[in-house]
Amino acid sequence: MKFATNNMAIIMMAWGLGVSAASATTFYVAPTGAEGNSGLSWADPVQTISNGIAKATTPGDMVIVSNGTYTLTATVYITNGITVKSLNGPAVTIVDGSNAVKCFYIYGSPALVLEGFTITRGVSDYGAGVRMVSGTLRNCIVCSNSVTQYGGGVFCDGDTVQGCLIYSNRAAGGTYGGGGIATWNHGTILSSTVVGNAAPAGNGGGLYGLQNTYVSNSIIYANTALMNDNLAGGIYACSYSCTAPLWAGAGNTAEDPRFVDAGKRNYRLLPGSRGIDGGRTQAWMGAAVDLDVSPRIWPAGGTNDMGAYEYQPGALLCNFTANPDSGLDPFSAVFTGYADGTNLAGAAYYWDFDNNGTTDAEGTDKAVVTNLYVAGTYSVKLTVTNTAGDIATCIRSN
């Protein structure tokens, strides 16, 4: 979705922002601005995020940051109950610590909100991307940050991470942990995806809860650590979430979440994922949006999904499961194919049970098929087409 910079009513509606109180002020930041400007309009923006924040002295003030890469020479501090938010989201608004500084340190008010940025290449002892003592980190991408102790991407101390994608962060020093996130004193992780983080000599590659951590509607998967790849430490409650091994709690699953393309950092869900409709609807979701700026609950009145992205049909996609996926020679595997998209007319399934280039079963009625296997390791390919000529492919190996 694109927004015009001169239409703030549209921007505020799309990002779920209400009208500020009469005493509150909005300040504007853009790479083309100047530090001597007032920051009170897009015609007169300041140039750095820190300067915009310095002008926002009244609780309820807002700092809106235009598209660009903001390279830091010092940590950005937010210390009062303001909202600091990108104009058009994390894909086009990047805060870069240059492998030299922590990116953000936020504290001072539970009303504080930091929203809509990619936060990358921070370094520190705790929370290289964001260190939080209060407030909410919302709809951000936190990636490629590194600490010597806890919380490669984020260190939370009694605050909330909501709707964020946290990947490729690292807790690199000693026996510490929390490659993606580390929490202390009742940190809360909601509807987030934490994947591909590492604590190579420590504990909790995805999340290390130092004390009383609450996790809900999240995917914490495919992280690595010396001990406990995904979750570790003081997890007070984890529910309606995907992590492995299976964590005790209502609605949890340890199944592969089935990302569209993890190799290309596309952590949206494929049709048939256990994460789709696998979450629990909560009060804050009513007017909220996901990381794609789509409604947090889709369709309206439905059940929300796990992770940072709410599934919605788009281009033709396919996925499949096998039951069982291993057994004694010989054994029969039942394959269940899933296809979804905005055009499913004439959807046909083509199965190659050993991925040798020869179709072994095909047809519009072949969503569920069975194949007999002898001893060996196999790769299976499913291709789905529709009458428009769209093609989707999924390949899996056991």
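Heads up: the structure comes first, above all this text.
Owing to the predicted nature of the structure, the values given are computational and were not obtained by experimental measurement. (Residues numbered from 1 in each chain as written. Predicted model: local features only at pLDDT ≥ 70, side-chain atom pairs only at ≥ 80, totals over all residues. Heavy atoms only, no water.)

1. Describing the overall build of the protein
Summing up its helical and strand segments, the protein has two helices and 36 strands in all. Here the C-alpha atoms of the protein give a radius of gyration of 23 Å, agreeing with the 21 Å that 2.2 N^0.38 yields for 398 residues. If you line up the protein on its principal axes, its C-alpha atoms span 75 × 50 × 35 Å. Going through the 398 residues of the protein one by one, you find that 52% of them count as buried. (Helix = DSSP H or I, 4+ residues; strand = E, 2+ residues; numbered from the N terminus. Rg over C-alpha atoms; globule rule 2.2 N^0.38 Å. Buried < 20%, exposed > 50% of the residue type's maximum accessible area, 1.4 Å probe, protein only.)

2. Thoughts on the side chain of Asp352
Note on placement: Asp352 falls in strand β32 (residues 348–352). This buried residue, Asp352, is left without a salt bridge; Lys381 holds the nearest opposite charge, at 6.1 Å. Of the polar contacts made by the side chain of Asp352, one reaches the backbone nitrogen of Asn355; its length is 2.9 Å. In terms of polar contacts, Asp352 uses its side chain to reach the backbone amide nitrogen of Gly357, at 2.7 Å. Excluding residues that lie within four positions of it along the chain, Asp352 makes contacts with Gly357, Thr358, Asp360, Ser379, Val380 and Lys381. (Lys, Arg positive; Asp, Glu negative; His and termini not counted. Salt bridge = Lys/Arg side-chain N within 4 Å of Asp/Glu carboxyl O. Polar contact = N/O pair within 3.5 Å; in protein donor to acceptor, adjacent residues only side chain to side chain. Contact = heavy atoms within 4.5 Å.)

3. Digging into the sheet that holds strand β24 (residues 219–221)
If you trace the eight strands from one edge of the open sheet to the other, you get β3-β6-β9-β13-β17-β21-β24-β27, paired in parallel fashion. Because the sheet does not close on itself, it has two edges, and the strands there are β3 (68–71) and β27 (242–243). (Pairing = 2+ DSSP bridges.)

4. Some details on the side chain of Asn139
Mapped onto the elements of the fold, Asn139 is located in the loop between β12 (136–138) and β13 (141–143). Among the polar contacts listed, one links the side chain of Asn139 to the backbone oxygen of Val289, at a separation of 3.2 Å. Within the structure, the side chain of Asn139 is placed 3.4 Å from the backbone oxygen of Asp290, a separation counted as a polar contact.

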